[in-house]
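# Descriptive analysis of the structure
Single-letter residue listing:
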Amino acid sequence: MATVTTSSPATLQPCTHTSRHGVARYCPSPLPWRRRWSYGRMTTRATASSHGQPSATGGWVEAPAGDAAAAGEEGDSIRRLQNGPDVRGVALEGEKGRPVDLTPLAVELIAESFREWLREELQRPAGEELRVSVGRDPRLSGARLSAALFAGLARAGCSVFDMGLATTPACFMSTTLPRFNYDASIMMTASHLPYTRNGLKFFTKRGGLTSGDVEDICDRAARKYVARKMGFGVGGMPPVVMRVDLMSAYAQHLRDIIKQRVAHPAHYDTPLKGFKVVVNAGNGCGGFFTWDVLEKLGADTTGSLHLEPDGTFPNHMPNPEDATAMSLTRDAVLANGADLGVVFDTDVDRSGVVDGTGAAINGDKLIALMSAIVLDEHPGTTVVTDARASDGLTRFIASRGGHHCLYRVGYRNVIDKGVQLNTDGVETHLMMETTGHGALKENYFLDDGAYMVVKIVIEMVRMKLAGLEGGVGSLIMDLEEPAESVLLRMNILGEPKYAKQRGTMAVEAFKEYIQEDKLSGWVLDDCGDCSVGEGCLVDTNDHPNDVDAYMYRAKLYNENKRPLGMVHVRQSVHNPNIALNMQSYVPGGCKYMAMDLHKRFLLASGVNDFVDISEVEKFVK
C-alpha cells in the first residue's frame, strides 16, 4: 500500500480507479430486506435489484440472484454485521461462542458498497471523484482492517485520506471543516465493546447514516461476497492513501469555541487558567483533549489517567457508564483538588463528568446538567431522550420550562427524533441517550462527547466569573432520582443468526401479555415508537423511523392505583440478549417487579424456552 503524507488536502490528485455496478438507486421506502415482525413468526420482503457485470477496473461485481441465494449463510454472515446504524463484529479470536466475522474481506466489500451507495446518494456521475476520510481507534485489529478498508474504497474509485488515530466526531467534522471538506468519512471503532470487537461508523455531510442505509450497504456487500467466491473482481492496483492531520484542526476548532464563548476579560487566549481538570481517556482516543485542548487553554491537568492509546484497554473499558472508570476518576479529582473530572468512551462520542465534590455525573444526571445549560440558552426547548430516562428527569426539565420527549433506545433513534421534531416546527436543541450519547442542534446534530464537555467547561468558567459557588454539580441538586435502579440481561439461546428474531418474539410477547390483561397491574407506557407518558410529545410523524430493535416500557401499579416502578424491556442491538431496565419509586420495588415478571410472564409465556432467565432468577432469590 502506497502512502502519501501531506499537510494540505487541496494539493492531492484524485484516484483514477472507478467501478460501475449498475445498481438501481436506493429508495428509502420500501427498504431492501426490510423486516416486518409479528409474535412467533418473521416474514422478509425484498425489493428488486439489478446486478452488474465484472468491472474492468478490478472492482467487485454483483452476482446473479440465483448465485446470491446459493451463497446462503455466507452472504447472511455479512448482513448480520449490521448493528443498527453501524457495522459491528468480532475481529479477533478470544470470545467464547463468537467466531471472528468482521474479516478483512467483509470490511473490503462493505467499503466498496459504501462508495457505491454514496455515489447514488449524492447523485454523482460514475467517474467523478469521491473523497473519503478514514479514522480508527487503537484496537489491535485496526491496522489490519484499515488496510482492507483502504483497498475497498480505492478499488471502488475513491480518493482515500487516512486520519490515523482519531475520534468519531472528528471523522464527521472532516466533512465540514474548510481545509478538508470531504464527501464522506468512516470511523473504525466498536466504542465500549471488548477489544476483540471492531466496527464501522459512516458519515456524510448530512450526518450519520440510518439503519436502513447501513442495511442496504451490507446487503450489497453480501451479494459482492458471492461474486468473490465465483472468482470475479480479483486484482486491481494497490491503493494510494493520503495521510492528513485532522485531529489538530479539530482540537483547534474546540479551543476556538471555548475562547469565543467564555471571552475571558483578563486572559482571552487562556480562559482555563486557574482551573484543574482531570481527564480519564481509558487508553482510548480521548487523550488529545488533555494535551491539545485543555492544557493549551491554560488548564492544569495533573492527575489525568490512561491518556496513552492502548488497544487492549488494560485498566478498564473506556466508558462513562463503567463503575471502575467513574470511581478512578472520582479518586483523581479528590486527590488533586480538581474542579472537574472527565471520562470519555473509546471513540469520544460519549462522555461523563465528575464534579469538584467527587459526585459522578452520568446517565440521567448528565442529561439534567446539559438540559439546565441548554434551557438557559434556549428557554422552552424540547429535550429528547431514550425511554429509559426517569420520571424525575421529566419533572426536572419541566421545572425549568422545558419539554421532555421520550423515544426509542438507540443514539441514532434519539438524534433522528430531534431532527424530525425540528423539521416539524418543534424547537429541539438537545438530544441525549442515558448512555452518554448527546447531540446538539448547534453542533450539526452530532453526538460528540468532547463537545458536550466543552459546553460544561464553558459553564464552569462562566459560573466562576459570575461568583457562583458549588460548581456545575450545583445545577442539578434538585434532580429527583429513583429509589432503586437495576439492569438485568437475559441471553438469547440458540444460534446467533436467530437471535434478532427470537429477541423480537420475546419483547412482543411482553407487550401482548399486557394488552391481553394477562399481567394485571401493568400498563404500557411506550407504544414502541414514542413514549406516551407524562411530559412526552406523541409521535405524529406519518413516516416514522425504521425500528432497529424492539422495546417497550411499562409501569406497575398497586391495588391503590399508585405506581411502584417502571420496566423497560428491549432487544440489545450489540449482543444477542434482552435488557431489562427497572426503576423503582419505593425501596424493594425492583425485586418485587422482577418476581412478578418472572412468575407471571417469563415462565407463563414460555419465553424461558429460548431466553436464559437465570440472571432474573438469581436477582429475585
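None of the values given here were measured: they were computed from a predicted structure.

Scoring rules and cut-offs
Numbers given to residues run from 1 along each chain, matching the order in which its sequence is written. It should be noted that, the model being predicted, local features are given only for residues of pLDDT at least 70 and side-chain atom pairs only at 80 or more, the latter also being counted only at that level, while totals for whole chains, interfaces and linings use all residues. Think of the side-chain values as coming from all heavy atoms in the structure, minus any hydrogens and water. Helix and strand labels come from DSSP, where a helix needs a run of H or I of at least four residues and a strand needs a run of E of at least two; each type is numbered from the N terminus. With a 1.4 Å probe rolled over the protein chains alone, any residue whose accessible area is under 20% of its type maximum counts as buried; one over 50% counts as exposed, and the rest are partly exposed. Any two residues whose heavy atoms approach within 4.5 Å at even a single point are treated as in contact. For accessible areas, the Shrake-Rupley method is used with a probe of radius 1.4 Å. Any residue's cover is judged against the shown protein chains and nothing else. Strand pairing follows a simple DSSP-based rule, namely that at least 2 bridges must link the two strands. The axes used here are C-alpha line fits, helices contributing only the stretch in contact, and every angle between their N-to-C directions lies in the interval 0 to 180 degrees. Here a salt bridge means any side-chain nitrogen of Lys or Arg lying within 4 Å of a carboxyl oxygen belonging to Asp or Glu. Scored from 0 to 100, pLDDT records how confident the predictor is in each individual residue. Each cavity reported here is a set of points on a 1 Å grid over the protein atoms alone in which a 1.4 Å probe fits but cannot get out, each pocket an open set with protein on both sides within 12 Å along at least five of seven lines, and each lining residue one with an atom within 4 Å of a point. Grid points are joined across faces, edges and corners, and a volume is the space filled by probe spheres set on the points. The classification used treats Ala, Val, Leu, Ile, Met, Phe, Trp, Tyr, Cys and Pro as nonpolar, Asp, Glu, Lys and Arg as charged, and all other residues, Gly among them, as polar. Side-chain atoms within 4.5 Å link the members of a nonpolar core, which is a set of buried Ala, Val, Leu, Ile, Met, Phe, Trp, Tyr and Cys residues. A 3.5 Å cut-off defines polar contacts: any pair of N or O atoms within that distance qualifies, except that in protein one atom must be a possible hydrogen donor and the other a possible acceptor, and neighbouring residues in sequence count only when both atoms are side-chain atoms. Helix span is expected to be 1.5 Å times the residue number reduced by one. Centre distance within 6.5 Å is the pairing criterion for rings of Phe, Tyr and Trp, where only the six-membered ring of Trp is used; planes under 30 degrees apart are then read as stacked, over 60 as edge-to-face, and the remainder as tilted. Note on criteria: charge over ring means Lys NZ or Arg CZ within 6 Å of the ring centre, with the direction from the centre no more than 35 degrees off the ring normal.

## Re the overall build of the chain
- In terms of regular secondary structure, the chain is built from 16 helices and 25 strands.
- Every one of the 621 residues in the chain was classed for burial, and the buried ones make up 58%.
- Within the chain, residue pairs in contact and separated by at least 24 positions form 72% of the contacts whose partners lie at least 6 positions apart.
- As presented, the chain carries roughly 23,900 Å² of accessible surface, and 51% of it is formed by carbon and sulfur atoms.

## Some thoughts on the sheet that holds strand β16 (residues 382-386)
- Taken in spatial order, the five strands make up an open sheet running β17-β16-β18-β19-β20, and their pairing is mixed. The open sheet is flanked by β17 (403-407) and β20 (446-447), the only strands paired with a single partner.
- In the packing of helix α11 (residues 391-399) onto the sheet, the strands contacted are β16 and β17, and the crossing angle to β17 comes to about 150°.

## Details of the pattern of salt bridges
- The final tally for this structure, using the stated rule, is 36 salt bridges.
- Put simply, K224 and E116 hold a salt bridge, and the shortest N to O gap is 3.1 Å. Pair noted here: K224 is in helix α6 (residues 211-229) and E116 is in helix α3 (residues 104-122), with a separation of 108 residues, a long-range link. As far as burial versus exposure is concerned, K224 and E116 are alike and both buried.

## Structural notes on the pairing of strand β12 (residues 277-280)
- Residues V277 and V279 line one face of β12 and the alternating positions V278 and N280 line the opposite face, and both faces are buried.
- Where β12 meets strand β13 (residues 340-344), four bridges bridge the pair, whose relative direction is parallel. The partner of V279 across the bridge, within β13, is V342.

## What about the confidence of the model for the chain?
- When pLDDT is averaged across the chain, the result is 85; 83% of the residues are at 70 or more.
- Contacts from residues 1-63, a stretch scored under 50 in pLDDT, to residues over four places away or in other chains number 162 contacts.

## Concerning the layout of surface pockets
- A volume near 1,200 Å³ is recorded for the second largest pocket.
- Taken together, 48 residues line the second largest pocket, and the ones lying closest to its centre are E321, R388, T434, T435 and N581.
- Elements with a minimum of two residues in the lining of the second largest pocket: β5 (86-90), α10 (364-377), α12 (411-423), β21 (484-491), β24 (563-571) and β25 (577-584).
- For the lining of the second largest pocket, the residue count by class is 13 nonpolar, 21 polar and 14 charged.

## Focus: the sheet that holds β13
- The sheet built from four strands is open, its strands ordered β12-β13-β14-β15 with mixed pairing. Edge positions in the sheet fall to β12 and β15 (360-361), since each of these pairs with one other strand and no more.
- With two bridges connecting them, strand β14 (residues 351-355) and β15 associate as antiparallel partners. Among the inter-strand pairings, V354 is bridged to a residue of β15, identified as A360.
- Helix α9 (residues 323-336) contacts β12, β13, β14 and β15 of the sheet and is inclined by roughly 155° relative to β13.
- Along the sheet, helix α13 (residues 449-465) makes contact with β12, β13 and β14, crossing β13 at roughly 170°.

## A few points about the nonpolar core
- Of all hydrophobic cores here, the largest spans 76 residues; its most connected members are Y250, L254, F288, F289, L340 and I456.
- The dominant element in this core, judged by the number of residues it contributes, is α13, at eleven residues.
- Among residues more than four places away in sequence, those in contact with L254 are F288, F289, V293, A450, Y451 and V454.
- In terms of nonpolar packing, the next biggest core, distinct from the first, is built from 37 residues, I78, C158, L200 and A222 among them.

## Looking at the side chain of N577
- Mapped onto the elements of the fold, N577 is located in strand β25.
- A polar contact is formed between the side chain of N577 and the side chain of R489, at a distance of 3.2 Å.
- Among residues more than four places away in sequence, those in contact with N577 are R489, M490, N491, I492, R570, Q571 and S572.

## Quick look at helix α14 (residues 499-515)
- Here α14 spans 24 Å end to end across 17 residues, near enough to the 24 Å set by a 1.5 Å rise per residue.
- Counting buried positions over the 17 residues of α14 gives twelve, a clear majority of the element.
- Of the residues trailing α14, D517 is marked for its positive phi of about 60°.

## Some thoughts on the side chain of N198
- In this structure, N198 sits in strand β9 (residues 197-204).
- Residue class for N198 comes out buried when judged on its relative accessible area of 0%.
- A polar contact of 3.4 Å, which involves the side chain of N198, links it to the backbone nitrogen of T189.
- For N198, the residues in contact, after removing those within four places along its chain, are V87, R88, G89, A91, L102, R139, S141, G142, L145, M188, T189 and A190.

## Digging into the packing of aromatic side chains
- On inspection of all chains with the given rule, the structure shows eleven aromatic pairs.
- Between the aromatic rings of Y250 and F288, the centroid separation amounts to 5.9 Å while the plane-to-plane angle is 40°, which identifies the pairing as tilted. Remark: F288 occurs in helix α8 (residues 287-294) and Y250 occurs in helix α7 (residues 246-262); sequence separation between them is 38 residues.
- Assessed through its relative accessible area of 7%, F288 is described here as buried.
- What links up through ring pairs into an aromatic cluster is the set Y250, F288, F289 and F344.
- Between K464 and the ring centre of F275, over which it is positioned, the NZ or CZ distance is 5.0 Å.

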